[in-house]
Amino acid sequence: MTVNPYEFAFVRKKELKHKLFLIAGIFLLTLIFLQVIFHFILCPVLILSSSMTPGFAKKSALFVLPIAPGRPEFFGTEKLNRGDIVRVEEGEKPKLNFLKKAVSFTASMLTFRRSRFFSDSGAIPSSPSLFRLVGFPGDTLYMDDYIAYIKKAGSSHFLTEFELSSADYNIRIDTIPSLWDTSMGAQGKTEPITLAKDEYFVLCDNRISAFDSRLFGAVKASEISGKAVFQYYPFTDIKKLY
């Protein structure tokens, strides 16, 4: 049987076109699926500084569970525990058109959010937004020698943050030079404050090199957008968190 070469080429071209559309469709569906996962279930976050040492080194990567007030219990702020690592929302994000958003998302997805395009730093600016949750609404709290002392609502005495925390962790307190002006930066000693109904107090584990509630004050429940649940990088230190 003689095969018409033109008809054969047409069939092959049609099959190739079909395969390309199928690959493009699978790729698009994968992007949509990962978009849903990363925004509503688990969000990869990269730590870009030493603000959370010694527990989490620079360039560690964590999965964060998105949470917010009023959500179902598993995704609500009611599930927060003292000592959790939480993500606090930062300032206004840069506005990008659809094409730039697509390129940025694809890059961040393929690198597990270790990098993306069209951002000021070239990577997810998340390190200043991860903190240790220390104070809850109604707490009276003060700092002494960079350690938080807390009197829970209804209690008559203060306990250290470590005694009240549900998580085991260490903090980093570097030796301060003798001529250092202690009035600058994050304070190691503060006056007692009482947190209002909707206020939380957050600290960095690196208490010297830090930008936390000692500088910007207590945060609202609506500003806490996630709770870290798993560390997946570095691969030598993979672990479940609290």
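For the structure, check the block above.
Fair warning: this is a prediction, and the values are worked out from it, not measured in the lab.

## Topic: the overall build of the protein
Each helix and strand counted, the protein has 4 helices and 12 strands in total. Evaluated residue by residue, the protein yields a buried proportion of 38% over its 242 residues. Split by element, the accessible area of the protein, about 14800 Å² in all, is 62% carbon and sulfur.

## Concerning the pattern of salt bridges
Summed over the entire model, instances satisfying the criterion amount to 9 salt bridges. With its nearest N and O atoms 3.3 Å apart, the salt bridge here joins Asp84 to Lys227. With Asp84 in the loop between β2 (61-66) and β3 (85-88) and Lys227 in strand β11 (residues 224-233), the pair connects residues that are 143 residues apart, well separated along the chain. Here the two residues Asp84 and Lys227 agree in accessibility, since each one is buried. Salt-bridge contacts for Asp144 lead to Lys189; the nearest nitrogen and oxygen are separated by 3.6 Å. Here the residue Asp144 occupies a position in strand β5 (residues 140-144), and Lys189 occupies one in the loop between α3 (161-164) and β8 (193-194), the gap between them amounting to 45 residues.

## Re the environment of Ala167
Along the polypeptide, Ala167 turns up in the loop between α3 and β8. Spatially, the C-alpha atoms of Ala167 and Leu241 are 8.6 Å apart, while their sequence positions differ by 74 residues. If we ignore the near neighbours within four places in the chain, the residues touching Ala167 are Arg82, Gly83, Arg132 and Tyr242.

## Let's talk about the packing of aromatic side chains
This structure, assessed with the given rule, holds 8 aromatic pairs. Judged by centre distance (5.7 Å) and plane angle (75 degrees), the rings of Phe131 and Phe216 are edge-to-face. Of this pair, Phe131 sits in strand β4 (residues 130-135) while Phe216 sits in helix α4 (residues 213-216), and the two are 85 residues apart along the sequence. On the basis of relative accessibility, which here comes to 31%, the residue Phe216 falls in the partly exposed class. Pairwise contacts between aromatic rings join Phe131, Phe211 and Phe216 into one cluster. In this structure, Lys239 is placed above the aromatic ring of Phe56, and the distance from its NZ or CZ to the ring centre is 5.2 Å.

## With respect to the side chain of Glu199
Its place among the elements puts Glu199 in strand β9 (residues 199-203). Within polar-contact distance, the side chain of Glu199 engages the backbone nitrogen of Ala196 at 2.9 Å.

## Examining the nonpolar core
Counting residues in hydrophobic clusters, the biggest one holds 26 residues, and the most contacted among them are Phe56, Leu62, Leu80, Val86, Leu133, Tyr200 and Ile224. Ignoring anything within four residues of it in the chain, the contact list for Phe56 reads Ile47, Leu62, Ile85, Arg132, Gln231, Lys239, Leu241 and Tyr242. Leu141, Met143, Leu195 and Phe201 belong to the second largest nonpolar core, which has 9 residues in total.

## Things to note about the sheet that holds strand β7 (residues 159-160)
Here we have 4 strands laid out as an open sheet, ordered β7-β6-β5-β8, and antiparallel in their pairing. A single partner strand is all that each edge strand has here, and the edge strands are β7 and β8. Bridge count between β5 and β8: 2 bridges; the pairing is antiparallel. When the bridges of β8 are listed, Leu141 appears paired with Ile193.

## Some details on the pairing of β4
Every other side chain in a regular strand lies on the same face of the sheet, so the side chains alternate between the two faces. Across the 6 residues that make up β4, a large majority, 6, are buried. Examined bridge by bridge, β3 and β4 share 3 bridges and lie antiparallel to one another. Among the inter-strand pairings, Ile85 is bridged to a residue of β4, identified as Arg132. Here β4 pairs with β9 via 3 bridges, running antiparallel. By the bridge assignment, Arg132 is partnered in β9 with Leu203.

About the cut-offs
Residues numbered from 1 in each chain as written. Predicted model: local features only at pLDDT ≥ 70, side-chain atom pairs only at ≥ 80, totals over all residues. Heavy atoms only, no water. Helix = DSSP H or I, 4+ residues; strand = E, 2+ residues; numbered from the N terminus. Buried < 20%, exposed > 50% of the residue type's maximum accessible area, 1.4 Å probe, protein only. Areas by Shrake-Rupley, 256 points an atom, 1.4 Å probe, with all protein chains shown as cover. Salt bridge = Lys/Arg side-chain N within 4 Å of Asp/Glu carboxyl O. Contact = heavy atoms within 4.5 Å. Phe/Tyr/Trp six-rings, centres within 6.5 Å; stacked < 30°, edge-to-face > 60°. Lys NZ or Arg CZ within 6 Å of the ring centre and 35° of its normal. Polar contact = N/O pair within 3.5 Å; in protein donor to acceptor, adjacent residues only side chain to side chain. Core = buried A, V, L, I, M, F, W, Y, C linked by side-chain atoms within 4.5 Å. Pairing = 2+ DSSP bridges.

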